[in-house]
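Here are the chains, one letter per residue:
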Amino acid sequence: MVRLPRLFMLLIDPAGAYFAQHSPARRGPVFSEAAVFGPGVQGGSRQATEQEIRERSTPTGQRPFDEVDLRSLLASDAVAQAVADLFSSGSTVLESATFQVRARVVRFWRGDSILELGGGNRRSRVRIPRDIGPDSGDLLAFHLSAFLAGR
């Protein structure tokens, strides 16, 4: 009886079933923006206060990523080549100065496709329309650029 909803999901929304199967299970509380951990914290962790968030959000010498950087990445030849590779073979590898991004499109017989991105210790999945083609690769270029930039 537990498998029945999964079978329906596979028939009705295979991309949703793929997301459910490949998403990590949540353990413990989920905090927004920042958390405080340690032996002196009751329960082991808690939501950070606004003051603690402000104190820790000061720049660390690294220039924050801005919109101009995203535009330059979107216009780069490397991202354009990666999008072309995604359309032709369904997967690509995009090199960065700091790490390597591996991307692949998982296509389903019905419904949306999924763009999987991975690099370093980061992973991301996003639904993309099934009918996206080489003439409308801006969506793929945006997701590749944003992932490469660390957003």
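Residues numbered from 1 in each chain as written. Predicted model: local features only at pLDDT ≥ 70, side-chain atom pairs only at ≥ 80, totals over all residues. Heavy atoms only, no water.

Participant: Got a minute to help me understand the overall build of the protein chain in this structure?
Facilitator: Assigned secondary structure in the protein chain consists of six helices and six strands. Put simply, the protein chain runs from its N terminus to its C terminus through helices and strands in the order α-α-β-β-α-α-α-β-β-β-β-α. Among the 151 residues that make up the protein chain, the fraction classed as buried is 30%. Long-range contacts, defined here as pairs at least 24 residues apart, represent 38% of the contacts in the protein chain between residues at least 6 apart. A total of about 10600 Å² of accessible surface is found on the protein chain, and carbon and sulfur atoms cover 55% of it. (Helix = DSSP H or I, 4+ residues; strand = E, 2+ residues; numbered from the N terminus. Buried < 20%, exposed > 50% of the residue type's maximum accessible area, 1.4 Å probe, protein only. Contact = heavy atoms within 4.5 Å. Areas by Shrake-Rupley, 256 points an atom, 1.4 Å probe, with all protein chains shown as cover.)

Participant: Quick question: what am I supposed to make of the side chain of Glu52 here?
Facilitator: Tracing the backbone shows Glu52 in helix α3 (residues 50–56). Separated by 2.8 Å, the side chains of Glu52 and Arg46 make a polar contact. Non-local contacts of Glu52, meaning those with residues more than four positions away in its chain, are made with Val36 and Arg46. (Polar contact = N/O pair within 3.5 Å; in protein donor to acceptor, adjacent residues only side chain to side chain.)

Participant: What exactly am I supposed to notice about empty space enclosed by the protein here?
Facilitator: Sizing a probe to match a water molecule and rolling it over the atoms shows the empty space that remains. Taken as a whole and assessed by the stated rule, the structure comprises one cavity of 30 Å³ or more. Size it by volume and the largest cavity reaches roughly 30 Å³. Lining the largest cavity are Ala34, Ala35, Val36, Ala48, Glu52, Ile53 and Arg56. When contributions to the lining of the largest cavity are tallied by element, the ones reaching two or more residues are β1 (35–37) and α3. Residue contributions to the lining of the largest cavity peak at three residues, all from α3. Class assignment for the residues of the lining of the largest cavity results in five nonpolar, no polar and two charged. (1 Å grid on protein atoms, 1.4 Å probe; cavity = no way out; pocket = protein on both sides within 12 Å on 5 of 7 lines; lining within 4 Å. Points joined across faces, edges and corners; volume = space filled by probe spheres on them. Nonpolar A, V, L, I, M, F, W, Y, C, P; charged D, E, K, R; others polar.)

Participant: Before we go on, may I ask you to explain the sheet that holds strand β5 (residues 113–119) in this structure?
Facilitator: Through backbone hydrogen bonds, the strands of a sheet pair up, either in parallel or in antiparallel fashion. Reading across from one edge, β3-β4-β5-β6 is the order of the four strands in this open sheet, with antiparallel pairing throughout. Both edges of this open sheet fall to β3 (91–95) and β6 (122–128), since each of them pairs with a single strand only. Between one strand axis and the next, the sheet turns through 15 degrees on average, direction left out of account. Taken together, the five bridges between β3 and strand β4 (residues 100–106) define a ladder with antiparallel strand orientation. When the bridges of β4 are listed, Ser91 appears paired with Arg104. Along the sheet, helix α2 (residues 14–22) contacts β4, β5 and β6; its crossing angle with β6, the most-contacted strand, is approximately 165 degrees. Sheet strands in contact with helix α5 (residues 77–89) are β3, β4 and β5, and its direction is about 165 degrees off that of β3. (Pairing = 2+ DSSP bridges. Axes fitted to C-alpha atoms, helices over the stretch in contact; angles between N-to-C directions.)

Participant: Mind showing me how you'd approach a nonpolar patch on the surface here?
Facilitator: Together, Leu11, Ile12 and Trp109 make up an exposed nonpolar region whose accessible area comes to about 380 Å². Looking at the secondary structure, you find Trp109 in the loop between β4 and β5. (Patch = residues over 30% accessible without salt bridge, like charges linked within 9 Å, V, L, I, M, F, W, Y side chains within 5 Å. Salt bridge = Lys/Arg side-chain N within 4 Å of Asp/Glu carboxyl O.)

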